[in-house]
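Structural features, examined
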Amino acid sequence: MKRISIKLMAVLAVLMFGAFFSVNEVAAEENKAPAMSISISPVSKVLQLSENTTYEDKFKISNNGASAMKFEVYAAPYSYSYSETTDSYQLGFNNQNTYTQITRWITFKDTSGNWVEKATFTAEPGTQVEVSYKISTPASIPAGGQYAVLFAHTISDNAGGSGIKTEASPGLVVFGRADGETILSGESSDLKISDLLKVDNEEKRIINGSAKVKNTGNVDFIAAGTLKVTGIFGNVYYETPANSTRSKASVIPEAELEISDSWDNTSYFGLFNVSWTVTYGNGQSETISQIILIMPLPIIILMISLLTIITIWIIISIRKRKERRSRFMM
């Protein structure tokens, strides 16, 4: 019996050790850094551009993954293109226009010290690579804004066991302001206030405001919306915070974007005075207002029922009075 107990204890000890080792192995696997993780710093740059001038700067690429990473850097246009499907402008990186000429003026210093349109680098795990870029403007440049994205695109040499290539392309957005006449103007359209909002493909009773803003000038501007909800006695239930970013958007020339805001904690019952103000361009603004009644469906049904009953009662009372008068006259 003692021998059996000793053997049993030994087997249990081995099993416990194996389980402990497996748990730690899984935990170590879960905490392990991903195979590939890339980031760029900074994410934006604002420049004042002049003719026939060279600007040099740098950005950093960080390899936060567990394996070596190969990537290439290049410049692409930063613009918007109109989509008939969604009736809106979609961000794109292939549309060349007057405001994306800067992409032709950008070069990168490769590992040999040469300035090229595309450069390839390798970053070891947990390290940063500093990339130098140069913007050389020609003797004549168009006035207004110039916009580009400096991409760092990872290069995947093999697909691995899954058969799926893992790639990423973080980018640094360059906002250039060229010397010359600056036209800061825009226009708004489709200002709307509603008490229905689609959330996860389901309509909910949420007070919201929306609008489209188009840039009709030659430099970018910030379009912002302010939603204000007050009660019948003037108490403020909601107002878009001044530091809020969700109702703001940077609109580049020739683009049109939609901005919106909502009172996410809209009350289930109440009568509200709602105003929606949109500001854009050179201090331009437009405001609309609307009174909205929020009432649960059961209360609406109850009120309709009561109103129907009262109406029927009034009609019956009037008929009875008429009958009494007619009898009295006879």
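Structure first, text after, so check above.
The following paragraphs examine the structure supplied in this document. (Residues numbered from 1 in each chain as written. Predicted model: local features only at pLDDT ≥ 70, side-chain atom pairs only at ≥ 80, totals over all residues. Heavy atoms only, no water.)

**Here's the deal with the nonpolar core**
- Ranked by internal contacts, the top residues of the largest apolar core, which has 35 residues, are Y78, I207, V229, V274, W276 and V278.
- At five residues, strand 21 (residues 270–280) tops the list of elements feeding residues into this core. (Core = buried A, V, L, I, M, F, W, Y, C linked by side-chain atoms within 4.5 Å. Buried < 20%, exposed > 50% of the residue type's maximum accessible area, 1.4 Å probe, protein only. Helix = DSSP H or I, 4+ residues; strand = E, 2+ residues; numbered from the N terminus.)

**Quick word on the packing of aromatic side chains**
- Applying the stated criterion across every chain yields a total of ten aromatic pairs.
- Relative to Y133, the ring of F59 has its centre 5.8 Å away and its plane inclined at 40°; by these criteria the two rings are tilted. Placement of the pair is F59 in strand 3 (residues 54–63) and Y133 in strand 10 (residues 128–136), with a sequence separation of 74 residues.
- The residue whose ring lies beneath K118 is Y74, and the NZ or CZ to ring-centre distance is 5.2 Å. (Phe/Tyr/Trp six-rings, centres within 6.5 Å; stacked < 30°, edge-to-face > 60°. Lys NZ or Arg CZ within 6 Å of the ring centre and 35° of its normal.)

**A look at the sheet that holds strand 11 (residues 144–154)**
- Here five strands make up an open sheet; going across it, the order is 2-12-11-4-9 and the pairing mixed. Looking along the sheet, the strands with just one partner apiece sit at the ends: strand 2 (44–49) and strand 9 (119–123). The mean angle between the axes of side-by-side strands here comes to 25°, regardless of whether they run parallel or antiparallel.
- Across eight bridges, strand 11 lies against strand 12 (residues 171–178) in antiparallel orientation. Note on strand 12: the bridge partner recorded for F151 is G171. (Pairing = 2+ DSSP bridges. Axes fitted to C-alpha atoms, helices over the stretch in contact; angles between N-to-C directions.)

**So, the sheet that holds strand 7 (residues 106–109)**
- Here we have five strands laid out as an open sheet, ordered 1-3-10-7-8, and antiparallel in their pairing. Sheet topology places strand 1 (38–41) and strand 8 (115–116) at the edges, where each strand pairs with a single neighbour.

**Observations concerning the environment of A143**
- Along the polypeptide, A143 turns up in the loop between strand 10 and strand 11.
- When the C-alpha positions of A143 and E181 are compared, they lie 6.0 Å apart, and in sequence the two are 38 residues distant.
- Beyond its immediate sequence surroundings of up to four residues, A143 is in contact with A178, D179, G180, E181 and N218. (Contact = heavy atoms within 4.5 Å.)

**Remarks on the environment of L184**
- Relative to the helices and strands, L184 resides in the loop between strand 12 and strand 13 (186–194).
- Classification of L184 by relative accessible area gives partly exposed; the value is 31%.
- A sequence separation of 32 residues divides L184 from T216, and the C-alpha atoms of the two residues are 7.8 Å apart.
- The residues touching L184, leaving out its near neighbours within four places in the chain, are V219, D220, F221, G281, N282 and Q284.

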